[in-house]
Amino acid sequence: MAAQWTISKGHAELNNGGNWKPVLSGELANLAVCAARDVSQRLRTPDAVEAAAAIARTQTAFPRSTHWIPYTISQGYAGLAVLWGYLDSCFVNEGWDVTGREHLELAVRYAETAGDLPLGLFSGLSGLAFGALQLSRGGTRYRRLLTRLDDAICDQAIPLADALRVQHNGVTVGEFDVISGLSGVGAYLLCRRDQPGPSAALSSVISALVELASDEATVPRWVTPAELLWDEGMKEIYPDGNLNCGLAHGIPGPLAFLSQSLREGLTTDGLPRAITRMADWLCENRCDDTWGINWPNAVPVDRSDGPGGALHAGDSRSAPDGPSRCAWCYGSPGIARALWLAGEAVDRDDYRSLAVSSMEDVFRRPIEVRRIDSPTFCHGVAGLLEITLRFACETGRSVFIEESRTLVKQLLDSYQPNSLLGFRNLEVADREMDQPGLLDGAPSVALVLLAAATTVEPTWDRLFLLS
C-alpha cells in the first residue's frame, strides 16, 4: 500500500533572531529583494509552476534529465517549499507559509502515489523531508508528516550505510555524494539529530563515511572504477576510473558533511582522522591554473601493471578535463567551502588558509573564464554567490563582501523581466530555458538574492552542504 503522509496544521510564531549580516544595503539591496519577490510571485500558483515546467521541457537540450517530479527538491514542489520557507522567515505576515503548504501538499500527494521513492536528497525522500522541515517554523509545524518521513528515511538509510561500509572494490558516487548518496541524506538527518530515529540513522551514516576514508594501500576507497562510471563518455575519458573532486558528486561532499557533524558535537571513532584524510587528499591533488589554486573535476586512476593490475591514483595535474569551473558543483568554490568547514571542525589553519586563498583566486579569474554563465545555483553565479556570502560572514574579509556585491550586480544584469520567470537557466551553446526547479532554475536565484539582502540566515544552504 502507498505511504500516507498527512499534513497537519500548526500555529507557532517564528523567531527571526540571528547573527546573519547582509552584504547589501540601500538601493542594491532593494533591487535584489524586488527581483527575488518578482520571481517568487511568478511561481506562487501551481498552475504557473506546471506551465513553466512544460515549457522547460520544450526548451532543454537534455530532455531525459529535465522533467518535473513534484516530490523532489531538484525539480519539484519540495524545492519550491524551500523558497517559501525562507520567504516566510524573511516576511512573516505575507502568507508565504500558506503558499508553501499548498505546494507541500502537492509534493506529498505525488509521493504517496509514486510507489517506492529513492532516498536521495535531491531526488527522493530526504529532499521531501528537507522541504517540509524548511516550512515547519523550526519543527513546530508538520510534525506528523516529518515523523513519518523520518521513519521511511531511517528504514532505508541504515541498510545503505551498512552496505557502503563493507565495500572495498570501489563505489559509485551516488552511494556517498550530496545529490543522491549518504552525504546528502546525512545533511537532512543532521537537521533532525534531536529525534531518536534520525539520531540512530545519522550515527550509521557517519560511521559508513568514516569507513570510506579508511587507509588503503594504493588508492582511496572512494574510487569509482570505470565500470561504475555513469556514462560511456566518462568511461572513455577515464578508462581505469577516477576519484571525483566536485562538491556535488565527489569527496568534498562527505568531507563537508563529516566536518559539520563534528562541529555540532557528534563523535564517533575515527571521525577527526577521516576528516583530515579527505582534506589532505584534496590539498595534495590540486590542478592550479593561470590565476591560482584550482582542482580538476576528477583525478584519474590507472593500472600501472597493465590490464588486470592494481589501481593506482594518477596525477591530478594531468587530469583529462584540466582545471575545473568556478561553481558549487565542481571547482574551487565548492571545494574551498568543504576545506573551510574541515578547518573549523579539526582546528587546522592550513585548511582554512587554503580555502580562503583559493576563493580569492576565483575572483582573480576574469568572468569569461569562470565557466559559470548561467545565473542559477548548481553550475552558475548563484551558487558562487552563496559560497562567497558564507565566506564573507565567517571571515569578515572585505574582498568577499565586495565580490558578493559584484556577483549580485552580475545576477541583476541577467534579470529578464519580460521572460517567464525573470531568470533563465543557461544550458550549452547559450540555450536559455525557463526552469522552475530549484537546482538549476529561477528559485535558487531568488533564494540567494534574499540571503545577500536580508538579516535572516540562509539555513536552507545546508541542502548544498554549505552550512
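Everything below is about the structure printed above this text.
Residues numbered from 1 in each chain as written. Predicted model: local features only at pLDDT ≥ 70, side-chain atom pairs only at ≥ 80, totals over all residues. Heavy atoms only, no water.

(A) Seen up close, the side chain of S374. Mapped onto the elements of the fold, S374 is located in the loop between helix 13 (349-362) and helix 14 (381-395). Among the polar contacts made by the side chain of S374, one reaches the main-chain amide nitrogen of L426 at a distance of 3.1 Å. With sequence-adjacent residues up to four places away left out, S374 is seen in contact with G380, V381, R424, N425 and L426. (Helix = DSSP H or I, 4+ residues; strand = E, 2+ residues; numbered from the N terminus. Polar contact = N/O pair within 3.5 Å; in protein donor to acceptor, adjacent residues only side chain to side chain. Contact = heavy atoms within 4.5 Å.)

(B) Broad picture of helix 7 (residues 182-191). Burial analysis of helix 7 places 9 of its 10 residues in the buried class, which makes it a mostly covered element. Three or more residues of helix 7 are buried, namely L182, S183, G184, V185, G186, A187, Y188, L189 and L190. Tucked inside the fold, the buried residues of helix 7 contact helix 5 (125-134), helix 6 (143-165), helix 8 (196-212) and helix 10 (252-263). (Buried < 20%, exposed > 50% of the residue type's maximum accessible area, 1.4 Å probe, protein only.)

(C) Seen up close, the packing of aromatic side chains. Inspection of the entire model under this criterion finds 14 aromatic pairs. Judged by centre distance (6.0 Å) and plane angle (65°), the rings of W328 and F377 are edge-to-face. Here F377 lies in the loop between helix 13 and helix 14 and W328 lies in the loop between strand 3 (311-313) and helix 12 (332-346), a separation of 49 residues in the sequence. A relative accessible area of 0% means that F377 is categorised as buried. Site record: aromatic cluster; members linked through ring pairs are Y86, F122, W328, F377, W460 and F464. Above the face of the F91 ring, R37 is positioned so that its terminal group lies 4.0 Å from the ring centre. One cation-aromatic arrangement involves R44 over W96; the distance from NZ or CZ to the ring centre is 3.7 Å. (Phe/Tyr/Trp six-rings, centres within 6.5 Å; stacked < 30°, edge-to-face > 60°. Lys NZ or Arg CZ within 6 Å of the ring centre and 35° of its normal.)

(D) Seen up close, the side chain of D361. Its place among the elements puts D361 in helix 13. What D361 contacts, discounting residues up to four positions off in sequence, is W291, G292 and I293.

(E) Main features of the environment of D349. Inspection of the secondary structure puts D349 in helix 13. A distance of 2.6 Å separates a polar atom in the side chain of D349 from a polar atom in the side chain of R352.

(F) Molecular detail of the nonpolar core. Counting 155 residues, the largest nonpolar core has L258, W328 and L449 as the members making the most contacts within it. Contact partners of L449, with chain neighbours within four places excluded, come to A32, A35, A36, V408, L411, L412 and F423. (Core = buried A, V, L, I, M, F, W, Y, C linked by side-chain atoms within 4.5 Å.)

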